[in-house]
Amino acid sequence: MADERRSATAGSFDAMGRVVFGSREGQLTSDGRRTGRFVRLLPALLILGGLVLDSLTPPNFTAVPLFVAAPLIAAPFFSKSRTVRTGIAAVLSVIAMRLSDGTSTQVVPIIELITVLTASVLALVINGVVRRGNEQLASARVIAETAMRAVLPTPAERIGGLQVAARYEAAQADEFVGGDLYAVADTPYGVRVVVGDVRGKGLGAVEAVAVIIGAFREAAEQERSLEGVAQRLERALAREGTRRYGLDAMEGFITAVLAEIPPGSASLRLVNRGHPEPILLHADGALEVLAPSVPALPLGMDLGVWPDRADEWAMPAGATLLAFTDGLSEARDPNGVFYDPAARLRGRIFPGPEELLSALTDDVRLHTGGRTTDDMALIAVGRPAEGQPVRRTTVRIVGRGDDAGR
């Protein structure tokens, strides 16, 4: 039974290194389709049920509530024309019932007809309000996504001799783009990377992202040390906060991790400002969680000034740095269990950073059942090995049950 459960939740790589889901994903899709079909049929079922109920019950029982409910249920889910047709069907059904029993001229049947007619008109009004709200929401999302794409362009696949891939995954449960960010710069001091998360969502968060990205691109070129880059970002936030009369006006603090991979060196430097710890994946499937030696506050906290301290790790050929926001590490399954990227990736190898991010984002969807609640930004930077083939052997990322069963 355990093996059957594991195979139902397992995902495996295809030839391109992407996760291919098993029957669990198919079940989720099938359940969604069945629910959609039921909602589409519900107004018609209510009208049909009302006709049957009225024909089988004594005159003092009324099925009018079912006819009232039919157009009201159709309003938020159907188009304007279908809502109108549902309301007309409900009104005609009431008229037909009262004509058939010869009570169409009595006071109570007339009141019932007026009630159903009023509900149909109200359903049409509700349908219009819902449609306008959806259009406004879609417009706001398009604007935010366009702004986000402008400040977070896709980096080149090769920067400073390193392989680079980045992803921004918007939450399906949220209608506004959040404040996750990333940037890569090829500088005289090596390839420098920032990944961060602004408190807040929407266009205000996008503005804060633009400030931090602009400050990073300038500081990464000019500052000799990674600590100096972090301090420049701190000053940029303080400056912007003063201009806006307080940091709270521009979404408050920002968690961030800064990375530097010097040219001609097999080392990696990190400054972590209250951000989830990056992961270093090695060519043999081993990995390290890069925890800072001294924890530090996020950028923009304005609770005092402490000198930043960069930690250094070895980054041999074939290794890949993975940095991400908490949308990944705090993604939950239906039981509330957090996604653990280190546990999921340990022992796995990938052809390159792009395949790593594709597999990782697919695996998160599998873990959450496709219901993520927070945006996530991911960036992977790989140091190619000498003579490394274009494709290496990959090992599949498995479903939740497989790791538990080992």
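Structure's up top.
Throughout what follows, the structure given in this document is the object of discussion. (Residues numbered from 1 in each chain as written. Predicted model: local features only at pLDDT ≥ 70, side-chain atom pairs only at ≥ 80, totals over all residues. Heavy atoms only, no water.)

### Some details on the pattern of salt bridges
In step 1: A full pass over the atoms with the stated rule returns 13 salt bridges.
In step 2: For glutamate 260, the salt bridge identified is with arginine 192, shortest N-O distance 2.6 Å. Taken as a pair, glutamate 260 in strand 7 (residues 254-261) and arginine 192 in strand 6 (residues 190-201) lie far apart in primary sequence, 68 residues in all. Of the two residues, glutamate 260 and arginine 192, both sit in the buried class.
In step 3: Via salt bridges that share partners, Arg192, Glu260, Arg269 and Glu312 belong to a single interconnected network. (Salt bridge = Lys/Arg side-chain N within 4 Å of Asp/Glu carboxyl O. Helix = DSSP H or I, 4+ residues; strand = E, 2+ residues; numbered from the N terminus. Buried < 20%, exposed > 50% of the residue type's maximum accessible area, 1.4 Å probe, protein only.)

### Quick word on helix 4 (residues 80-100)
In step 1: When the terminal C-alpha atoms of helix 4 are compared, their 30 Å separation across 21 residues agrees well with the 30 Å that a helix rising 1.5 Å per residue should span.
In step 2: Of the residues making up helix 4, those classed as buried are Thr83, Thr86, Gly87, Ala90, Val91, Ser93, Val94, Met97 and Arg98. Viewed along the axis of helix 4, the buried residues span an arc of 150°, placing them on a single side of the element. Seen from the buried face of helix 4, the exposed residues on the opposite side, beyond 90 degrees, are Arg85, Leu92, Leu99 and Ser100.
In step 3: Just past helix 4, the residue glycine 102 takes up positive phi, approximately 70°. (Expected span 1.5 Å × (residues − 1). Arc of directions from axis to C-beta.)

### Notes on the environment of serine 267
In step 1: If you trace the backbone, serine 267 turns up in strand 8 (residues 267-273).
In step 2: Owing to a relative accessible area of 7%, serine 267 belongs among the buried residues under this scheme.
In step 3: Not counting residues up to four positions away in its chain, the partners in contact with serine 267 are Glu260, Ile261, Pro262, Glu312, Trp313, Ala314, Met315 and Arg383.
In step 4: A distance of 2.7 Å separates polar atoms of two side chains, one belonging to serine 267 and the other to serine 265. (Contact = heavy atoms within 4.5 Å. Polar contact = N/O pair within 3.5 Å; in protein donor to acceptor, adjacent residues only side chain to side chain.)

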